[in-house]
Amino acid sequence: MSGTAASSLRGKLQDLYFGNEPGARRFRYGLVAFDLVTIALFILAATVPEDSGWWLLPLDFGLGTALLVELAARLYAEPDRRRHLLSFSTAADLLVILSLFLAAFLENLAFLRIVRALRLLRSYHLLRDLRASSPWFRLHEDILQRSLNLVVFIFIVTSVVFVTQHSINPALPNYIDALYFTITTLTTTGFGDITLIGPGGRLLSVLIMIVGVTLFLRLLQAIFRPSKVRHECPDCGLRIHDVDAVHCKHCGRVLHIPTDGVV
């Protein structure tokens, strides 16, 4: 590939990954949708019995190839490749891709696939696009962000419970039972029909209750408190204000909060 063609290709990729055009935003929304589909497939694969999972190996290779191509394109488009290569999201993607290609030679490395879900928390470009293009998102940003935190926490912990317990705990033969245990523990319902085995299992249960309840309460707080808008006061730095605020409650500065009239 000639230098001009390579430069043109990199410019197009940078426009897609970092641009503000509608086409670039649709591309990044598509990447998030691809992440969601990937996570759904990982959950599905975890519930399939080994004797009927003949299609899992081709699926692993297909997903691994797609993720590798997307990662290579993202690295090629990055202005600071070294910093991005050393980032947490890149390390997580590399672990996932490695686990997918090693599935043919080693026991299924399901735990490594869990880290893919963490990319949902790192979707800064998506959040930026939604803030810029959706008044509804700006109004409900706290609720949506905290909902996302809770969902990803549930997914991560459920996967950890399943991977660490399903081979030693007869009460957790599949992913659905692990999800059921996580939800009942997080909500402190605790029916008692499923318990984790061993000291590590008990510590994991404590972690689910402490962190999960905290995330759940923060979500309820965002839902039931009056709607707020994020706008930093230039004088005192207060960032949270009422939707119809004219003055800063902290210092009295007149505020000029952009609004589209959505309530």
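Described in the following lines is the structure provided in the data block. (Residues numbered from 1 in each chain as written. Predicted model: local features only at pLDDT ≥ 70, side-chain atom pairs only at ≥ 80, totals over all residues. Heavy atoms only, no water.)

The next subject is the overall build of the chain. Looking only at helices and strands, the chain features 11 helices and 2 strands. Order of helices (α) and strands (β) in the chain, N terminus to C terminus: α-α-α-α-α-α-α-α-α-α-α-β-β. By residue count, 36% of the 263 residues in the chain fall in the buried class. Considering only contacts within the chain whose residues lie at least 6 apart along the sequence, 56% involve residues at least 24 apart. Roughly 15,200 Å² of accessible area belongs to the chain as shown, and the carbon and sulfur atoms make up 66% of that amount. (Helix = DSSP H or I, 4+ residues; strand = E, 2+ residues; numbered from the N terminus. Buried < 20%, exposed > 50% of the residue type's maximum accessible area, 1.4 Å probe, protein only. Contact = heavy atoms within 4.5 Å. Areas by Shrake-Rupley, 256 points an atom, 1.4 Å probe, with all protein chains shown as cover.)

Turning next to the packing of helix 10 (residues 175–186) against helix 11 (residues 198–224). Interhelical geometry of helix 10 versus helix 11 gives an angle of 65° and a closest axis separation of 8 Å. Crossing geometry of helix 10 relative to helix 11 is assigned as right-handed. In this structure, helix 10 contributes Phe181, Thr182, Thr185 and Leu186 to the contact, and helix 11 contributes Ser205, Ile208, Met209, Gly212, Val213 and Phe216. Each residue belonging to the contact of helix 10 with helix 11 can be placed in one class, and the counts come to 6 nonpolar, 4 polar and no charged. (Axes fitted to C-alpha atoms, helices over the stretch in contact; angles between N-to-C directions. Left-handed = near helix turned anticlockwise from the far one by under 90°. Nonpolar A, V, L, I, M, F, W, Y, C, P; charged D, E, K, R; others polar.)

Right, let's talk about the pattern of salt bridges for a bit. In the structure shown here, the tally under the stated rule is 3 salt bridges. For Arg74, the salt bridge identified is with Glu70, shortest N-O distance 3.0 Å. Highlighted residues: Arg74 and Glu70, both in helix 3 (residues 56–77), separated by 4 residues, approximately one helical turn. For Arg74, a relative accessible area of 6% gives the class buried. Owing to a relative accessible area of 10%, Glu70 belongs among the buried residues under this scheme. (Salt bridge = Lys/Arg side-chain N within 4 Å of Asp/Glu carboxyl O.)

A few words on the packing of aromatic side chains. As enumerated under the stated definition, the model contains 3 aromatic pairs in all. Ring geometry for Tyr17 versus Phe18: centroids 6.4 Å apart, planes at 45°, classification tilted. Relative accessible area serves as the criterion here: at 24%, Phe18 is assigned to the partly exposed category. Ring centres of Tyr17 and Phe27 lie 5.2 Å apart, and the angle between their planes is 85°; this geometry places the pair in the edge-to-face category. Of the two residues, Tyr17 is situated in helix 1 (residues 3–18) and Phe27 in helix 2 (residues 22–47); the sequence distance between them amounts to 10 residues. Accessibility expressed as a relative area gives 6% for Tyr17, which makes it buried. Judged by relative accessible area, Phe27 falls into the partly exposed class, the value being 27%. Here a set of aromatic residues connected by ring pairs shows up, and it is made of Tyr17, Phe18 and Phe27. (Phe/Tyr/Trp six-rings, centres within 6.5 Å; stacked < 30°, edge-to-face > 60°.)

Structurally, Thr185 can be placed in helix 10. Under the relative-accessibility criterion, Thr185 is labelled buried at 9%. Residues contacting Thr185, with those up to four places away along its chain left out, are Ser205, Ile208 and Met209.

Moving on, we come to the nonpolar core. In terms of nonpolar packing, the biggest core is built from 22 residues, with Val161, Leu172, Phe181 and Ile208 touching the most fellow members. Where this core is concerned, the elements lending two or more residues are helix 9 (141–165), helix 10 and helix 11. The element contributing the most residues to this core is helix 9, with 10 residues. With residues near it in sequence (within four places) discarded, Leu172 still touches Val161, Gln165, His166, Asp177, Ala178, Phe181, Ile194 and Leu196. (Core = buried A, V, L, I, M, F, W, Y, C linked by side-chain atoms within 4.5 Å.)

Another aspect to go through is the packing of helix 9 against helix 11. In the contact formed by helix 9 and helix 11, the axes pass within 9 Å of each other and the chain directions differ by 165°. Our classification of the angle between helix 9 and helix 11 gives roughly antiparallel. For the pair helix 9 and helix 11, the crossing hand works out as left-handed. For the contact of helix 9 with helix 11, a count of residues per class yields 15 nonpolar, 7 polar and 3 charged. (Parallel < 35°, antiparallel > 145°, perpendicular 65-115°, else oblique.)

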